[in-house]
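# Structural description and commentary
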Amino acid sequence: MVDITQKSNTHRTAIAQAIVKVGSHETIKAIQEKTVPKGDVFAMSKAAGFLGLKKTPELLPDCHPLPIEYAGIQYEIDGLHIIITVEVKTFYKTGVEVEAMHGASVVALNMYDMLKPIDKAIEILQIKLLKKTGGKSDIGTSS
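This write-up is about the structure you can find in this document.

Reading guide: rules and limits
- Residues numbered from 1 in each chain as written.
- Predicted model: local features only at pLDDT ≥ 70, side-chain atom pairs only at ≥ 80, totals over all residues.
- Heavy atoms only, no water.
- Salt bridge = Lys/Arg side-chain N within 4 Å of Asp/Glu carboxyl O.
- Buried < 20%, exposed > 50% of the residue type's maximum accessible area, 1.4 Å probe, protein only.
- Axes fitted to C-alpha atoms, helices over the stretch in contact; angles between N-to-C directions.
- Helix = DSSP H or I, 4+ residues; strand = E, 2+ residues; numbered from the N terminus.
- Left-handed = near helix turned anticlockwise from the far one by under 90°.
- Contact = heavy atoms within 4.5 Å.
- Pairing = 2+ DSSP bridges.
- Phe/Tyr/Trp six-rings, centres within 6.5 Å; stacked < 30°, edge-to-face > 60°.
- Lys NZ or Arg CZ within 6 Å of the ring centre and 35° of its normal.
- Patch = residues over 30% accessible without salt bridge, like charges linked within 9 Å, V, L, I, M, F, W, Y side chains within 5 Å.
- Areas by Shrake-Rupley, 256 points an atom, 1.4 Å probe, with all protein chains shown as cover.
- Core = buried A, V, L, I, M, F, W, Y, C linked by side-chain atoms within 4.5 Å.

Under the definition given, this model contains 5 salt bridges. Notably, a salt bridge pairs Asp40 with Lys34, separated by 3.5 Å at the nearest N-O pair. For Asp40, a relative accessible area of 24% corresponds to the partly exposed category. Among the residues examined, Lys34 registers a relative accessible area of 55% and is labelled exposed. A network of salt bridges, in which partner residues are shared, links Lys38, Asp113 and Lys116.

Right, let's get into the packing of helix α2 (residues 41-54) against helix α4 (residues 97-115). Where α2 contacts α4, the axes come no closer than 7 Å and their chain directions differ by 145°. α4 is crossed by α2, and the crossing has right-handed handedness. Side by side, α2 and α4 meet where Val41, Phe42, Met44, Ser45, Ala48, Gly49, Gly52 and Leu53 of the first sit next to Glu99, His102, Gly103, Val106, Val107, Asn110, Met111, Met114 and Leu115 of the second.

Here the focus is the side chain of Thr90. Checked against the element boundaries, Thr90 lands in strand β3 (residues 81-92). Judged by relative accessible area, Thr90 falls into the buried class, the value being 2%. Every residue in contact with Thr90, bar those within four places of it in the chain, is listed here: Thr10, His11, Arg12, Pro67, Ile68, Glu69 and Val96.

Further remarks concern the pairing of strand β2 (residues 70-78). Relative to β3, β2 runs antiparallel, the two sharing 9 bridges. Directly across from Ile77, in β3, lies its bridge partner Ile82.

On to the packing of aromatic side chains, then. Enumeration according to the criterion identifies 1 aromatic pair in this entry. Look at Phe42 and Tyr75: their rings are 4.2 Å apart centre to centre, the planes differ by 15°, and that puts the pair in the stacked class. Of this pair, Phe42 sits in helix α2 while Tyr75 is found in strand β2, placing the two residues 33 residues apart along the sequence. The residue whose ring lies beneath Lys89 is Tyr70, and the NZ or CZ to ring-centre distance is 5.3 Å.

To continue, consider the sheet that holds β2. Taken in spatial order, the 4 strands line up as β2-β3-β1-β4 in an open sheet, and their pairing is antiparallel. Of all the strands in the sheet, just β2 and β4 (123-133) have a single pairing partner and so form its edges. Going from strand to strand, the sheet's axes swing by 15° on average, the running direction of each strand aside. Sheet topology places strand β1 (residues 10-21) next to β3; 12 bridges connect them, and they run antiparallel. Along β3, the bridge assignment pairs Arg12 with Thr90.

On the surface, Leu109, Tyr112, Ile124 and Ile127 cluster together into a nonpolar patch covering about 340 Å² of accessible area. Listed by contribution, the elements that provide at least two residues to the nonpolar patch are α4 and β4. Along the polypeptide, Ile124 turns up in strand β4. A residue is classified by how much of its surface remains accessible, and Ile124, at 33% relative accessible area, is partly exposed.

The next subject is the nonpolar core. Among the nonpolar cores identified, the biggest contains 27 residues, and Val20, Val41, Ile82, Ile84, Val86, Met111 and Leu115 are the most heavily contacted of them. Elements with a contribution of two residues or more to this core: β1, α1 (25-32), α2, β3 and α4. When near neighbours in sequence (up to four residues on either side) are disregarded, Ile82 contacts Ala18, Ile19, Val20, Val22, Ile28, Ile31, Phe42, Tyr75, Glu76 and Met111.

What follows is the structure in structure tokens.
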């Protein structure tokens, strides 16, 4: 683990994105109407994402445990794509981008798990960091 004892606390934010592609509009309709057999996909996946981002240092050996002072998970449906956006904020010595990406990946995996009984064509297309602020290496929104 990298030594961060000499670093100063700064306001840190990260926004990550994951994209899940489903196989049919019927799957989107089932999500929206909350008729998926395993339950409310958006609510359950949000809860899983919060658990995932909080447990990041337990699963990734070089991640420092840090206080997560805000986490938000949003969804957007674009055709057969579900765009997941995870935002994480803290005031600490190290960034939260891995926590944000881990949260987004857990949301996507939970969606996959909940939807696989009704849709065999689900794909997780992408997990990426969109924005990071705080510390020495800010990055802007990417496309």
